[in-house]
Amino acid sequence: MLSESIESLWQEAERLNRPVASLRVPGVGPDEVANAFGGPVPGDVAEWFGWSNGVQWQPNQKQDDAALIPGYEPLSVQDAAAVKASYGSEDPLLGERWFPLLGTGGGDFYAAVEEDSSTSPHVVSVMIGEDSRPAYGSIEEMVTAFRDFYRSGVFFVAADGTLDADDDLWIATETGSRPDSV
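Nothing here was measured: the structure is a model prediction, and the numbers come from that model. (Residues numbered from 1 in each chain as written. Predicted model: local features only at pLDDT ≥ 70, side-chain atom pairs only at ≥ 80, totals over all residues. Heavy atoms only, no water.)

A. Focus on the nonpolar core. One finds Phe 49, Tyr 110, Tyr 136, Ile 139, Met 142, Phe 146 and Trp 170 to be the most contacted residues of the largest nonpolar core, which totals 45 residues. Among the elements that take part in this core, helix α6 (residues 139–152) stands out by supplying seven residues, more than any other. Beyond its immediate sequence surroundings of up to four residues, Phe 146 is in contact with Leu 9, Ile 69, Leu 102, Tyr 110, Tyr 136, Phe 155, Trp 170 and Glu 174. Of all hydrophobic cores here, the second largest spans seven residues; its members include Leu 94, Phe 109, Ala 111 and Val 126. (Core = buried A, V, L, I, M, F, W, Y, C linked by side-chain atoms within 4.5 Å. Buried < 20%, exposed > 50% of the residue type's maximum accessible area, 1.4 Å probe, protein only. Helix = DSSP H or I, 4+ residues; strand = E, 2+ residues; numbered from the N terminus. Contact = heavy atoms within 4.5 Å.)

Written out as structure tokens, the structure is:
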């Protein structure tokens, strides 16, 4: 179940004493999510925002403090709608029905993409200045992969205290060239 997977991802962040765990803003209801995006949203998207509506910002907070995964913070539904509005609809991998979930300060994001032929949206990675690419078959697959990255050490706390990643393994997993050892 997606909500249990999301909860276990946040527990991994908490296990590593990541500040984001205590900064999580409680989620919002499906109606608020639909209102932010101007219409119905897939159940998995509503469930994502039902768990967390972004993170609180506090004085002297670093960008890394808000990172649920290295470099990416969970977006509030309002911020996600703003990302969608500002990005436009030129990206063929996004189509018309997409919903940003996690974003960076530099404009990169992960988005759930709804297709008519699927019951669950898949996830696309959008990196500014690069071609977007399919990343995960569903939101639950993404959440489970991120949780497993914490557990296997692909995501780790670096010597300077920031959340870091073995980028080669992370990208290999998302692009399907994943080694069997992960």
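B. Representation of the sheet that holds strand β6 (residues 122–126) in the model. Sheet architecture is open: five strands sit in the order β3-β4-β5-β6-β7, paired in antiparallel fashion. Either end of the sheet is taken by a strand with one partner, and the two such strands are β3 (73–74) and β7 (133–136). Of the strands in this sheet, β4 (98–103), β5 (109–113), β6 and β7 touch α6, which is tilted by about 70° from β7. (Pairing = 2+ DSSP bridges. Axes fitted to C-alpha atoms, helices over the stretch in contact; angles between N-to-C directions.)

C. Spatial organisation of the pattern of salt bridges. Scanning all chains against the criterion turns up six salt bridges. A salt bridge links Asp 64 to Arg 18; the nearest nitrogen and oxygen atoms lie 2.4 Å apart. Separated by 46 residues along the polypeptide, Asp 64 in the loop between β2 (52–55) and β3 and Arg 18 in the loop between α1 (2–15) and α2 (20–23) bring together distant segments of the chain. Here the two residues Asp 64 and Arg 18 agree in accessibility, since each one is buried. For Arg 147, the salt bridge identified is with Asp 148, shortest N-O distance 2.9 Å. One network of salt bridges, with partners in common, ties together Glu 12, Arg 15 and Arg 151. (Salt bridge = Lys/Arg side-chain N within 4 Å of Asp/Glu carboxyl O.)

All quantities given are derived from atomic positions and should not be read as evidence of function.
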